[in-house]
Each structure stands twice: as structure tokens, then as C-alpha cells.
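Examination of the molecular architecture
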Amino acid sequence: MATNPIHGGASAADQQELSDGSEQDFRERLPNVYSVMVPQLRTVCSTSTVRRRFHVLEWLPKYRANYILSDIIAGVTVTLTAIPQSIAYGILANLQPQDGIYSNLVGCFMYFLFGSVKDVTVAPTSIMAIMIQGVVAELGPGAALLTLIAGCVTFLFGLLNLGFLVRFISMPVITGFTTAACLTIGSAQLRALFGISSKGKSSDFIDAWENVIQHIGETRLWDALLGFSSIAFLVILRLTKDCGQGRWKTFFMYLSLLRNAMVVVIGAVLAYAFSLSGTQPFILTGHVEAGLPPFHVPPLSVTNNGTYYGFSDMISVMGTSIITIPLVSTLEIISIGKAFSKDKIVDATQEMIAQGMCNIAVAFFSPLPVAGSFTRTAINNSSGVKTSLGCAVTTAMLLLALAVLTDAFYYIPKATLASVVIAAMIFMVDYRGMAEIWRVKKLDMIPFLGTVIAGVFLGLDYGILIGIALNCCFLLHLMSAPKIDLQLSLVDDIRVLVVRPAMDLTFSSAEYLRDRVVQAVVNDYENPVDLVVLDGSRVNFVDTTVVKNLASTENDLRSRHVGLALWRWRRSTAGGLVRLRDGFRALLVNAGDLDAVVQQWKASAEGYLKEATE
């Protein structure tokens, strides 16, 4: 009896090809629940699992003294970028400036405890800010409940080992989502860039542009000059980061890394200088509350702008964000972790647990959820960070800033913060990714454009859901219409049609297989087919629907005086056929070549066609 190589840990019995079905045991072998569950429970409750999940216990005992300087430098460098961006994203989310810093502070500390990728920095991001701003506009501080629920959902994903779900988000969908987010976020900053006071209906793409066009006459010259010159400054520094050689290359690299902090300091100094002369041409950030972030339990009901929202009302306002925020934040942190892990395997489950714990903790201090920040992770990596202690250093520096630098935050112009966000969006768009999609597979432009259009006009949460749905439609189409090779051969004056499915067979492809076989027998050939050989060498799975349709196919062929042979089927797949109809045993053959298949079929099915004629 010939056997195929064993794949995927299946038993040898399941992988065997069948030569004589009459002596085979086709009973379904179910797994022993006790033997599967007990080792799993022992693993979950083991000390090693606790150390792996509470990840600081995994790496801290191995910490080396020569790592300290690198981690401190990286933490301080990240803080210089984190402060202006956190303030900007707090304002973008319709929150107070300090809320962005609170989220950054708490998120960094929790990732220090649970994160598994040393380079990753968790912080407020533009995407998180834009996804929560609508909820903040309706619920105010009650939006913290959304952050708590999103954290719990992400944490639950991690506990259930659902990291594989990220595989259903394709590269075109990711590229489309990023593009839509950049267009939406950049458009939301136009009002601050031009110094327009009107907030408009919302920060959505259409409303943002409508607001700017309607109030373009209210543009403040000084704000616009400062904003556009800051964008130019940031873009130039970004483009020159690889200039020079040797020490000059290092100089330009760090100059580029510190560009956000530099432009904010320059803007604040200008605003402070004008204030000394008794004038203020810029719209300023204003008061930033000093001190430790206050502890607040996320409310289950809230009254905002005179409207009362009960728990069910709050959930209704949150809508799809309850799922899309965990999905997007998980996607961000895992993709960033893979980008900076230098080919090391990223534990998706641990990153989901870490992300969930970050947002659960953040919810008690700020409504603004956190996610992996690509910009700050890149700074962390290029600064030579050795361990996640860099996140702890960033936490300490943010606490210090809240204690002594809040007066300086008052003078940061909003146009400067808008320029920081817009400049980041310019380089966040994956232009190369778009070109690769067009060059490699133009069909992938459908989910890409679907994600972009839906994200821009309907909202980012709907954008990613629609993009995933479009991709799933392609996937379902492939599953429902798998590739099936048909080859007609003449063996000993018998016309043999060999049918080779190229993949596993599921309920969605059952009717398709039956239609292809029957149509080929009835319509595709001038002379009648005598024998159909169904090659199962590539089929490792069949379900009830497929088995029922194969039985119907056998009946269709029998009524047309056409034989059927099941060639090279494994016990696990052939078992379903035999358990449905014991007569399939006689049709199972495992000869080495097609000639032998025909001879074996002749010997084992002499009465097959005779029975059909009676």
C-alpha cells in the first residue's frame, strides 16, 4: 500500500491512500478531549506561561548593566517626539491636550510590563484619535467606556489565541485603510492650519473640507504662515535624514528624528516672544493641567451637553467602533512589531494581551485609546533601545513634563501641532504599496479602492470592515469554485475522464464539482465517457455536503452508464463516503498509474454497469 508524506501532524492512518476499501476501518476517529484539554490547562497554569504573559518577568532577570545607557537615551529621545504628538492627537480627538499625554504615559508603562517587542512604543495615534472623536463629541468623558470595552475585547482576543484573525486583513486593505486615514486626518487639521475658529459639523473628510471652504475668508495670516512653513521645515528634515557620510550622516539622522520637537519648540518660542510685547498672532494650545493623571472609573451612563445617555445609549453611539478599534489597534501593533523584530517571530497572542491591558488601564485615566506608534517605534529602534525599559523611561519623562513643563505647553501654537500631524500623514501614505498592487495584481485594486472610498466617505471603521468583506468575497469565490483539472485519456479502448480537484472540498464547492463532472460527461466530448476517475490526492478534507453531492454525482453517472473510480483517496476523506453509503468501498482504488486504475476498476466493478442496465 503506497502512502503519502504525513502533513500537519495528522496520523499515519489518516494519511494512507486506500487500495482495498473492503478491509478498512472507516469509523471516524474523534480526539480524546481529556488528553487534549489536560495538557493545555497544565500549560496555562504553569509558571513559564505566567512569565511569558507578564513579559517583564521574562526579560528583566536577564537584564545587563550595559543596556541602561542605551535604554535611557532611547526613552528620552522618544519623549521629545511623544509630547507634541500626544498633545496634537488629544486635540484631534476633541479632548483636552493633557488627555493625549495621560494616554501615552499609562500606555507606555503597561507595555513595559506586558509587551514582547523591545522596539515597540504604545501611544495615542492619529488613527485612534480620528476613530474616537465622533464618540467623544457625543459622550464627552464617557468615551472612556469605549476605550475600556476595546481593551477588554482585545485582551479576550489574546486569551482565545485569535491572532490568526489578522491574517484575514490583506495588504491592499491595510494600504487602503492607511490612505483613507491619512486623507481624513490631514483634512481634519486644515482648520487649525489656516487658523479658522469654526469647528464645523465634524472632522470627517467631507465636513472638514466643507468647513474650510465656507470659512476660508476667516483665515489668520500668521497661523497660515507658521503652519505652512512648519510643514516645509518638517518635510525638508525628513528628506535629508540620509544625507552625508560618517558623522554628518549621524547628525542629519538625529536632526530628522528630533524634527517634531524642534518645530514645536520654535513655534512656542515665537508665541512667547510675541506675548512679551503684548500681542499674540497665533491661536495657542492653552492651559494644560499639571500633575499626575486623575483616576476615573469609566462611567456606565453620562450626561453630555444636556443629553442623558444610559448604558444602552452609549453602546449605540459607539456602534462598530467596539470591534474596529480593537481590530485596528491589534493590526497596528502586530504589523509594527513584525517590521522592527528583525525576522524574529512576533507572539501575536502576547501582543494582543499587551494591547488589551494597555487600553484597559488607559480607560481609567483618559478616554483616548492607544496603539502601536510607527513613528515613535522607529525613533526607539534607531536610538538603540535594548529592552522594554525604554518605555519605562518614557513614562518617567512624561511624568516629569507634566510636573514642570505644562506652562510651556500653553504657548504651543495649534498651527504648529497641525503641521506635525499633516507632515506625518504625507509620509505615512504607502505610495510604493499602491504601485505594487497595480503592478502585481490589478484585481487587488478593488479591495484597496473599496477601503479608501468607504473610509473617506463613510468612516474609517466602515472602511476597514468593507475592505475585509470585499477580500472575503474573493476568498469565498475561490473556495466555491476551486480549480479542477479535467483530462480525457483512452486506456484499453475505455475513454477515461480524470478529475483532479486542486484543493480541499467544502460545502461551498460541492455543487460546483458535481456540475463540472456531469457537464463534462454530457456535453464536452463528442464520444461518450466510459469511466470517471476522481483523483483525491490533493484533497485532505471533505464535509457532509460534499459527500452527499458525490453520492448524487455517482447516481448521475450510473444513470448514464458511466463508471466511477475514487483514486488515491485517504482514509480520513474516503471515510465520510463509506459511512454515508457502504457501496463506495468497491470504488476505492489506489493503483500506481492510470492503466492499473482501469484494470483494477474492471476487476472490482464488473456488476456496476450491468446493475445500471437492469
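Only a predicted model underlies this, so the values are computations on that prediction, with no experimental measurement involved.

Looking now at the pairing of strand β6 (residues 494–501). Among the eight residues in β6, six count as buried, and that is most of the element. Here strand β5 (residues 484–491) runs beside β6; their pairing, made up of eight bridges, is antiparallel. Paired with D485 across the two strands is R500, which belongs to β6. Remark: two residues form the turn of the hairpin made by β5 and β6, two consecutive strands paired antiparallel; D492 in that turn has positive phi of roughly 50 degrees. Where β6 lies against strand β7 (residues 531–535), four bridges are found, and the strand directions are parallel. Bridge assignment links V498 to a residue of β7, and that residue is V533. In the classification by handedness, the crossover that spans β6, the intervening helix α25 (residues 507–523) and the parallel β7 is right-handed.

Taken as a whole, this structure holds 16 aromatic pairs when the rule is applied. Between W222 and F274 the ring centres are 5.6 Å apart and the planes differ by 65 degrees, which places this aromatic pair in the edge-to-face class. Placement of the pair is W222 in helix α12 (residues 221–239) and F274 in helix α14 (residues 259–276), with a sequence separation of 52 residues. With a centroid separation of 5.1 Å and 75 degrees between ring planes, the pair formed by Y410 and Y411 is classed as edge-to-face. On the basis of relative accessibility, which here comes to 23%, the residue Y411 falls in the partly exposed class. Among the aromatic residues, ring-to-ring pairing joins W59, Y63, Y67, F109 and F112 into one connected group. Lying over the aromatic face of W438, K442 brings its terminal NZ or CZ to 4.9 Å of the ring centre.

On inspection of all chains with the given rule, the structure shows nine salt bridges. Across the pair R220 and D223 runs a salt bridge, and its minimum N-O distance is 2.8 Å. For E554, the salt bridge is made with R581, and the minimal N-O distance between the two is 2.8 Å. One end of the pair, E554, is in helix α26 (residues 544–559); the other, R581, is in the loop between α27 (571–580) and β9 (588–589), and 27 residues separate them in sequence. Classification of E554 by relative accessible area gives buried; the value is 3%. When its relative accessible area of 30% is taken as the criterion, R581 is described as partly exposed. Residues participating in the shared-partner salt-bridge network are R500, D535 and R568.

So, about unusual backbone geometry. Backbone geometry places N305, a non-glycine residue, at a positive phi of 55 degrees. Tracing the sequence through the fold places N305 in the loop between β2 (302–304) and β3 (307–309). Residue N305 is classed as exposed on the basis of its relative accessible area of 69%. Unusually for a residue other than glycine, H561 sits at a positive phi of about 60 degrees.

For the pair helix α9 (residues 171–188) and helix α24 (residues 460–480), interaxial distance at closest approach is 10 Å and the crossing angle is 160 degrees. Considered as vectors, α9 and α24 are oriented roughly antiparallel to each other. In this structure, α9 meets α24 at a crossing whose hand is right-handed. Where α9 approaches α24, its residues V173, F177, A180, A181 and T184 are matched on the opposing element by L460, I464, G467, I468 and N471.

The next subject is the side chain of S373. With respect to the secondary-structure elements, S373 resides in the loop between β4 (371–372) and α18 (374–382). Look at S373 and you get buried, because its relative accessible area is 4%. With residues up to four places along the chain from it excluded, the contact list for S373 reads T121, A123, T125 and I336.

Next up on the list: the sheet that holds β6. Ordered by their spatial adjacency, five strands build an open sheet running β5-β6-β7-β8-β9, and the pairing between neighbours is mixed. Looking at the sheet topology across the chains shown, the edges are occupied by β5 and β9. Sheet topology places β7 next to strand β8 (residues 563–567); five bridges connect them, and they run parallel. Note on β8: the bridge partner recorded for V533 is A565.

Where α12 contacts helix α21 (residues 414–428), the two axes come as close as 8 Å, and the packing angle between them is 40 degrees. What the angle tells us is that α12 and α21 run oblique. The handedness of the crossing between α12 and α21 is right-handed. Where α12 approaches α21, its residues D223, L226, G227, S230, I231, L234, V235, R238 and L239 are matched on the opposing element by A415, T416, S419, V420, I422, A423, I426 and F427.

Before going further, it helps to examine the nonpolar core. Among the nonpolar cores identified, the biggest contains 99 residues, and Y111, I127, M131, I132, I185, M318 and F409 are the most heavily contacted of them. Listed in part, the 29 residues of the second largest apolar core include L534, V562, L566 and A574.

For the rest of this paragraph, the subject is a nonpolar patch on the surface. A surface patch of nonpolar side chains, about 660 Å² in accessible area, is lined by I206, L449, I453, F457, L458, Y462 and I466. Broken down by element, the residue count for the nonpolar patch peaks at three residues, all from helix α23 (residues 445–457).

With that out of the way, let us pick up the environment of S187. Summarising the element assignment, S187 is placed in helix α9. S187 gets classed as buried once you look at its relative accessible area, which sits at 5%. Residues S187 and I206 lie 19 residues apart in sequence; the distance between their C-alpha atoms is 8.6 Å. Leaving out residues up to four positions away in the same chain, S187 has contacts with F205, A208 and W209. Within the structure, S187 has its side chain in polar contact with the backbone oxygen of L183 (distance 2.6 Å). A polar atom in the side chain of S187 sits 2.8 Å from the side chain of W209.

Thresholds applied
- Residues numbered from 1 in each chain as written.
- Predicted model: local features only at pLDDT ≥ 70, side-chain atom pairs only at ≥ 80, totals over all residues.
- Heavy atoms only, no water.
- Buried < 20%, exposed > 50% of the residue type's maximum accessible area, 1.4 Å probe, protein only.
- Helix = DSSP H or I, 4+ residues; strand = E, 2+ residues; numbered from the N terminus.
- Pairing = 2+ DSSP bridges.
- Right-handed = clockwise from strand over helix to strand, strands pointing away.
- Phe/Tyr/Trp six-rings, centres within 6.5 Å; stacked < 30°, edge-to-face > 60°.
- Lys NZ or Arg CZ within 6 Å of the ring centre and 35° of its normal.
- Salt bridge = Lys/Arg side-chain N within 4 Å of Asp/Glu carboxyl O.
- Axes fitted to C-alpha atoms, helices over the stretch in contact; angles between N-to-C directions.
- Parallel < 35°, antiparallel > 145°, perpendicular 65-115°, else oblique.
- Left-handed = near helix turned anticlockwise from the far one by under 90°.
- Contact = heavy atoms within 4.5 Å.
- Core = buried A, V, L, I, M, F, W, Y, C linked by side-chain atoms within 4.5 Å.
- Patch = residues over 30% accessible without salt bridge, like charges linked within 9 Å, V, L, I, M, F, W, Y side chains within 5 Å.
- Areas by Shrake-Rupley, 256 points an atom, 1.4 Å probe, with all protein chains shown as cover.
- Polar contact = N/O pair within 3.5 Å; in protein donor to acceptor, adjacent residues only side chain to side chain.

By themselves, these observations are geometric and do not establish any function.
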